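# Inside the fold
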Amino acid sequence: MAQFNVKEARRIFVKKNTVIYEQGQMGDGFYLLFDGKIKISMKVFDERERILEIQDCGQIFGEHSMGKKTYINSAVALENSVIYSFTDRQFQDLVMGDEEIRSLFYNSMIDKLKLLGGIIQHKSLSVEEQLANSILEISRKYNSCEIPLNQQQLSNYTGLTRITVYKIMKIWMEKKLISKTKGGFFIQCRETLQKYVSAL
């Protein structure tokens, strides 16, 4: 967990599926995720949603809107979550007064650039590799073999079409690599699924 002084921040409880901010909306600060999971996504050229990242506890998001810029993506709670909201002014005070906070923001921006680079790199993989990479990445974030995303959400996460995801998942279910659950999937054979994953 990031070591922020949260005394002056606004503590917000957000229910599952709550929109925290939307792409194109004017920003006024950033957020710290204290508990829960947050989906970061953006609309691409064809207006399809592309899930960029699933944020975990201790991560900051929305910082690209600092200086009253518009949000370049959207943030939605994937589960009941607790977040802290910091204003632009609070950000300035934090950065001026704490070298560790400055480093955290710097590293956060680097991580997001790496994330975008990774998305581009994933496009060079086969569709099976792209889907396997994404499922295993989500599994690591949740520390569970339960994948709480449906086929449409997996399509949004990978950038693959829903039909492509359906066809691959159908084959994997027949091979008993995964099984369907209410609202998502369960990884039955992580070792075999791992074989689809290229070393990135």
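Throughout this document, residue positions are counted from 1 along each chain, in the order its sequence is written. In keeping with the predicted nature of the model, local features appear solely for residues at pLDDT of at least 70, side-chain atom pairs appear and are counted solely at 80 or more, and the whole-chain, interface and lining totals rest on all residues. The side-chain figures draw on all heavy atoms in the structure; neither hydrogens nor water molecules are used.

Let us now look at the pattern of salt bridges. Whenever Lys or Arg places a side-chain nitrogen within 4 Å of a carboxyl oxygen from Asp or Glu, that contact is recorded as a salt bridge. Going through the model one piece at a time under the given rule, you end up with two salt bridges. Put simply, Glu 174 and Lys 170 hold a salt bridge, and the shortest N to O gap is 3.0 Å. Taken as a pair, Glu 174 and Lys 170 lie in helix 5 (residues 162–174) at a separation of four residues, close to a single helical turn. Categorising residues by exposure relies on relative accessible area from a 1.4 Å probe, with only protein chains included: less than 20% of the type maximum marks a residue as buried, more than 50% marks it as exposed, and the intermediate range marks it as partly exposed. In this structure Lys 170 comes out as partly exposed when scored by relative accessible area, which is 37%. Each helix is a run of H or I in the DSSP string that is no shorter than four residues. Each strand is a run of E no shorter than two, and both are numbered from the N terminus.

Within strand 8 (residues 81–86), six of the six residues are buried, leaving the element largely enclosed by the surrounding structure. Neither face of strand 8 is left uncovered, since the one carrying Ser 81, Ile 83 and Ser 85 and the one carrying Val 82, Tyr 84 and Phe 86 both have all their residues buried. Alignment of strand 1 (residues 10–14) against strand 8, held across five bridges, turns out to be antiparallel. Across the sheet, the residue bridging to Val 14 is Ser 81, located in strand 8. Here the rule is simple: two strands pair whenever DSSP picks up at least two bridges between them. Of the strand pairs in this sheet, strand 3 (residues 30–35) and strand 8 are connected by five bridges, and their pairing is antiparallel. From the neighbouring strand, Leu 33 faces strand 8, where its bridge partner is Ile 83.

Here we take up helix 3 (residues 127–142). If you check helix 3, its first and last C-alpha atoms are 23 Å apart, about what 16 residues at 1.5 Å a residue would give, namely 22 Å. Turning to helix 3, its buried residues are Glu 129, Gln 130, Leu 131, Ala 132, Asn 133, Ser 134, Ile 135, Leu 136, Ile 138, Ser 139 and Tyr 142. Positive phi shows up at Asn 143, right after helix 3, with a value of about 55°. Here the expected length of a helix is defined as 1.5 Å per residue gap, with one fewer gap than residues.

One can find Ser 144 in the loop between helix 3 and strand 9 (146–147). Through-space distance from the C-alpha of Ser 144 to that of Phe 186 is 8.9 Å; in sequence the pair is 42 residues apart. By the convention used here, residues are in contact when the closest approach between their heavy atoms is within 4.5 Å. Beyond its immediate stretch of four places on either side in the chain, Ser 144 contacts Ser 139 and Arg 190. Polar contacts involving the side chain of Ser 144 include one to the main-chain amide nitrogen of Glu 146, which spans 2.9 Å. Counting of polar contacts relies on pairs of N or O atoms within 3.5 Å, with two restrictions inside protein: one atom must be capable of donating a hydrogen and the other of accepting it, and residues adjacent in sequence are counted only when both atoms are side-chain atoms.

Ordered in space as 9-11-10, the three strands form an open sheet in which the pairing is antiparallel. The outermost strands of the open sheet, each flanked by one partner alone, are strand 9 and strand 10 (178–181). Taken together, the two bridges between strand 9 and strand 11 (residues 184–187) define a ladder with antiparallel strand orientation. Looking at strand 11, one finds that Glu 146 is bridged to Phe 186.

Our next topic: the sheet that holds strand 1. Pairing is antiparallel in the open sheet, where four strands are placed in the order 1-8-3-6. Edge strands, defined here as strands with exactly one partner in the open sheet, are strand 1 and strand 6 (60–61). Two elements, strand 3 and strand 6, share two bridges in a ladder whose sense is antiparallel. Considered in strand 6, the bridge of Tyr 31 is made with Phe 61.

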